[in-house]
Amino acid sequence: MDKRALKWGALGLVAGTGLVLLDALFLEQYFFRVKEFDIGIRGGQQKRKLLLLTDLHLKKHLSPFHAKLARRINRIQPHLILISGDMLDDDGKADVMEQFLGAIHHHIPKAAIMGNHDHRADVPNEVIEHIYQKYNCRLLVNQSHPFELDGVRIMVTGLDDFIESTHCFTEAVAQVGYEEHHLLLVHSPLQQEQAMADMESINAKRPQSERLNITYIFAGHNHGGQVRFFGYAPVLPEMSGNYVNGWYNSRFPLLYVSKGFGTTSRPVRFGARSEITLFNYFA
């Protein structure tokens, strides 16, 4: 092989490495995807926009892609934002969380749950809850809350993280009966397995008219693997189960696992582009 071929080969290797690093460190976070799905009652005439936002992992400062994210959310104007945990990373700061939430239109109602990194952050849970309340967000810690969205009632049940805390589905739905529209938020998709078993047990003891009617479960935690090669994720977070991203379950309730938005441990994404998910919910 002559020197010219070696030179061009070396240049190609350097350029390829540079492109991979550019994609991993910048492109897959800044140029995030808005994935969109139609869900709910087939043939329903009323559409409500539900936006799933998860795993921001806010740290000590906001980045330009956080400002871009807030602007995109404001343009979408969802009827309800669902936050399925890890708003903060381990070193996340309360004022950074406030800056981000403050950039989103206040009138948009929000429901949130805690993730394992939220619990690890050096911000007391009471402070996190106070910040959420300040920005029109209901923090659900093994609780349920109904949202009235332009005449459509949607019940949202939220479970606490089960890695750094304790989730309790039975407690969360103790005062909830049959709801035509009922959603469940969990941080790790693995949590759905116990929740579904608990729901089956609860419903077996209730009359038909009072049985729980959860139709969709939304989760994050796994970041779509965060670093994937040809669709394969070699490493997943602890307590992930056999879930990576996308739709799961062959019958209701259906589970959607988002790739999320931020990063943790390694500040890179590769083959797992950041996403927010817009569900057009027909009622």
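Residues numbered from 1 in each chain as written. Predicted model: local features only at pLDDT ≥ 70, side-chain atom pairs only at ≥ 80, totals over all residues. Heavy atoms only, no water.

S.K.: Would you mind going over the overall build of the protein with me for this structure?
M.R.: Along the backbone of the protein there are 7 helices and 12 strands. Here the protein, with 283 residues, has 52% of them falling under the buried criterion. Excluding contacts between residues fewer than 6 apart, the proportion of contacts in the protein whose partners are at least 24 apart in sequence is 80%. As presented, the protein carries roughly 13,300 Å² of accessible surface, and 55% of it is formed by carbon and sulfur atoms. (Helix = DSSP H or I, 4+ residues; strand = E, 2+ residues; numbered from the N terminus. Buried < 20%, exposed > 50% of the residue type's maximum accessible area, 1.4 Å probe, protein only. Contact = heavy atoms within 4.5 Å. Areas by Shrake-Rupley, 256 points an atom, 1.4 Å probe, with all protein chains shown as cover.)

S.K.: Please clarify how the packing of aromatic side chains should be interpreted in this entry.
M.R.: We describe a pair of aromatic rings using the distance from one ring centre to the other and the angle between the two ring planes. In total, this model carries 14 aromatic pairs according to the counting rule given. With a centroid separation of 5.5 Å and an interplanar angle of 80°, the aromatic rings of tyrosine 256 and phenylalanine 279 are classed as edge-to-face. Pair noted here: tyrosine 256 is in strand β11 (residues 254-257) and phenylalanine 279 is in strand β12 (residues 275-282), with a separation of 23 residues, a long-range link. For phenylalanine 279, a relative accessible area of 0% gives the class buried. The structure contains a cluster of three or more aromatic residues connected by ring pairs, namely Phe37, Tyr216, Phe218, Trp247, Phe252, Tyr256, Phe279 and Tyr281. (Phe/Tyr/Trp six-rings, centres within 6.5 Å; stacked < 30°, edge-to-face > 60°.)

S.K.: How should the confidence of the model for the protein be read in this particular structure?
M.R.: Note that predicted coordinates carrying low pLDDT should not be read in detail. Taken residue by residue, the protein gives an average pLDDT of 89. The fraction at 70 or more is 87%. In this model residues 6-28 is a low-confidence stretch, pLDDT under 50, and it forms 23 contacts with partners more than four residues away in sequence or in other chains. (pLDDT = per-residue confidence, 0-100.)

S.K.: Help me understand the sheet that holds strand β5 (residues 137-139) in this model?
M.R.: The strands making up a sheet are joined through hydrogen bonds of the backbone, oriented either antiparallel or parallel. Sheet architecture is open: 6 strands sit in the order β1-β12-β2-β3-β4-β5, paired in mixed fashion. The strands lining the two open edges of the sheet, one partner per strand, are β1 (33-40) and β5. Across the sheet, the mean angle from the axis of one strand to that of its neighbour is 20°, orientation sign disregarded. Two strands pair when backbone bridges link them, and β1 and β12 are joined in this way by 8 bridges, in the parallel orientation. Residue pairing for β12: aspartate 38 is matched across the bridge by asparagine 280. Across the sheet, helix α5 (residues 125-134) lies against β3 (80-84), β4 (110-113) and β5, angled at about 150° from β5, the strand it touches most. (Pairing = 2+ DSSP bridges. Axes fitted to C-alpha atoms, helices over the stretch in contact; angles between N-to-C directions.)

S.K.: Teacher, can you tell me more about unusual backbone geometry here?
M.R.: Peptide bonds are mostly trans, and most non-glycine residues show a negative phi. Of the consecutive residues phenylalanine 252 and proline 253, the connecting peptide bond is found in the cis state with omega at 0°. Along the chain, the position of proline 253 falls in the loop between β10 (246-248) and β11. A positive phi is found at glutamine 77, a non-glycine position, where the angle reads about 50°. If you trace the backbone, glutamine 77 turns up in the loop between α2 (64-76) and β3. Judged by relative accessible area, which is 29%, glutamine 77 ranks as partly exposed. Positive phi is not limited to glycine here, since asparagine 249 has a value of about 80°. By the element assignment, asparagine 249 lies in the loop between β10 and β11. Asparagine 249 sits in the partly exposed class, given a relative accessible area of 29%.

S.K.: Quick question: what am I supposed to make of α5 here?
M.R.: Turning to α5, its buried residues are Ile128, Ile131 and Tyr132. Mapping the buried residues of α5 onto a view down its axis gives an arc of 100°, with all of them on the same face. Of the exposed residues in α5, those oriented more than 90 degrees away from the buried face are Glu126 and Gln133. On the buried face of α5, the contacting elements are β3, α3 (94-102), β4, α4 (116-120) and β5. Asparagine 136 sits one or two positions beyond α5 and adopts a positive phi of about 60°. (Arc of directions from axis to C-beta.)

S.K.: Is there a simple way to think about the pairing of β12 in this case?
M.R.: Each regular strand displays side chains that alternate between the two surfaces of the sheet. The buried fraction of β12 is high, at 7 of 8 residues. With 6 bridges connecting them, strand β2 (residues 47-53) and β12 associate as antiparallel partners. Bridge pairing links lysine 47 to phenylalanine 282 in β12.

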